[in-house]
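# Examining the three-dimensional arrangement
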Amino acid sequence: CPQTGARQKRGITAQPVDLSQGTIRVRNEFTFTDLDQVAIDWVIEEDGTAIASGTLPPLKLAPGRETQVRIPFTAPDPQPASEYFLTIHFRLAKDLNWAPAGHILAWEQFKLPFEKPAEPIDTANLPPLSIEQTAGQILVRSTSFAARLDRAQGALSSYAVNGRECLASPLI
């Protein structure tokens, strides 16, 4: 699941420089280990679905040093109301005595600055809503959904779409 600014750090960090161009800064925070034995892969997701991915060549980066790296992706054509995330994994390139090749040493995730606003909805063509109020509840309905609000609990107690209940319990 995408998590803006998510990070799991183990000796390697990445920070955004210019995400629209795919530029990040990688820092080797290990004390004795060069990053030339670390495999780097990346994936771009649109609303949780991978739309691009790739690998980077190993970085010859000494302990305590940092460098700028460009992730070679083509900017997506933003879809209305969609979100785009870049996730970078730093993995062991070969088996070591303490972990197999592919073991994730660190990862970073960044929200990409590609956006297109949702297209406006013509509310004149929407089906009408009906609202029924009693002492205990408010029921809002249309042709495809019904929502029930419980006055005593202050909760959405039911939400059904096309006759199918979507809530397992009230949202308080």
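Anyway, here's the lowdown on the structure attached to this text. (Residues numbered from 1 in each chain as written. Predicted model: local features only at pLDDT ≥ 70, side-chain atom pairs only at ≥ 80, totals over all residues. Heavy atoms only, no water.)

### Some words on the overall build of the chain
The following threshold applies: Comment: elements are numbered from the N terminus, with helices defined as DSSP H or I runs of at least four residues and strands as E runs of at least two. To get the radius of gyration, use the C-alpha atoms; to get the globule rule, take the number of residues to the power 0.38 and multiply by 2.2 Å. Partly exposed describes any residue whose relative accessible area lies between the buried limit of under 20% and the exposed limit of over 50%, with all areas from a 1.4 Å probe on protein chains only and scaled to the type maximum.
Across its full length, the chain carries zero helices and 13 strands. Going from the N terminus to the C terminus, the chain shows its helices and strands as β-β-β-β-β-β-β-β-β-β-β-β-β. Against the globule reference of 16 Å for 172 residues, the chain gives a C-alpha radius of gyration of 24 Å, more extended than a compact globule. With respect to the three principal axes, the spread of C-alpha positions in the chain is 70 × 35 × 25 Å. The 172 residues of the chain split such that 31% are buried.

### What to know about the sheet that holds strand β6 (residues 66-70)
How we decide: When DSSP finds two or more bridges between a pair of strands, those strands are recorded as paired. Fitted lines through C-alpha atoms give the axes, limited to the stretch in contact for helices. The angle between two N-to-C directions lies from 0 to 180 degrees.
Judged by pairing direction, the sheet is antiparallel, and its three strands sit side by side in the order β2-β3-β6 without closing on themselves. Every other strand in the sheet has two partners, leaving β2 (12-18) and β6 as the edge strands with one partner each. With direction set aside, neighbouring strand axes in the sheet form an average angle of 30°.

### Some points on the pattern of salt bridges
The condition is simple: Between Lys or Arg on one side and Asp or Glu on the other, a salt bridge is scored when a side-chain nitrogen of the former is within 4 Å of a carboxyl oxygen of the latter.
As enumerated under the stated definition, the model contains seven salt bridges in all. Across the pair Glu66 and Arg25 runs a salt bridge whose closest N-O atoms are separated by 3.4 Å. Taken together, the residues span a long stretch of sequence, with Glu66 in strand β6 and Arg25 in strand β3 (residues 23-28) at a distance of 41 residues. The partner of Asp34 in a salt bridge is Lys60, and the shortest N-O contact between them spans 3.6 Å. One end of the pair, Asp34, is in the loop between β3 and β4 (38-46); the other, Lys60, is in the loop between β5 (49-56) and β6, with 26 residues separating them in the sequence. Overall, Asp34 belongs to the buried group, its relative accessible area being 18%. Taken together, the salt bridges that share partners define one network made up of Arg25, Arg27 and Glu66.

### Digging into the pairing of β3
Summarising the sheet, β2 and β3 pair through six bridges and their orientation is antiparallel. The residue of β3 that forms the bridge with Gln15 is Arg25. Counted between consecutive antiparallel strands, the loop separating β2 from β3 contains four residues, among which Gly22 sits at a positive phi close to 75°. Of the pairings in the sheet, the one linking β3 to β6 comprises five bridges and is antiparallel in character. Counted as the bridge partner of Ile24 is Val69 from β6.

### Observations concerning the side chain of Asn28
Our working definition: Identification of polar contacts relies on pairs of N or O atoms within 3.5 Å, with a donor-acceptor requirement for protein atoms, meaning one able to donate a hydrogen and the other able to accept it, and with residues adjacent in sequence counted only if both atoms are side-chain atoms.
Assignment of secondary structure puts Asn28 in strand β3. Among the polar contacts made by the side chain of Asn28, one reaches the main-chain carbonyl oxygen of Thr33 at a distance of 2.7 Å. A polar atom in the side chain of Asn28 sits 3.4 Å from the backbone oxygen of Ala62.

### Here we look at the nonpolar core
Stated precisely, the cut-off is as follows: Residues grouped as a nonpolar core are buried Ala, Val, Leu, Ile, Met, Phe, Trp, Tyr and Cys residues, joined through side-chain atoms within 4.5 Å. Here, residues are in contact when the closest pair of their heavy atoms is within 4.5 Å.
If you look at the biggest cluster of nonpolar residues, it comprises 27 residues, and the most contacted ones within it are Ile24, Val26, Ile88 and Phe90. Counting residues per element, the ones that place at least two in this core are β2, β3, β4, β7 (84-92) and β8 (104-111). No other element matches β7, which puts five residues into this core. Leaving out residues up to four positions away in the same chain, Ile88 has contacts with Ile24, Ile40, Asp41, Trp42, Ile71, Ala106, Trp107, Glu108 and Phe110.

### Things to note about unusual backbone geometry
Backbone geometry at Ala81 places phi at a positive 65°, although glycine is not the residue there. In the Ramachandran plot, Asn162 falls in the positive-phi region, its phi being about 50° despite a non-glycine side chain. Tracing the backbone through its elements, the reader meets Asn162 in the loop between β12 (155-161) and β13 (164-165). Judged by its relative accessible area of 62%, Asn162 falls in the exposed class.

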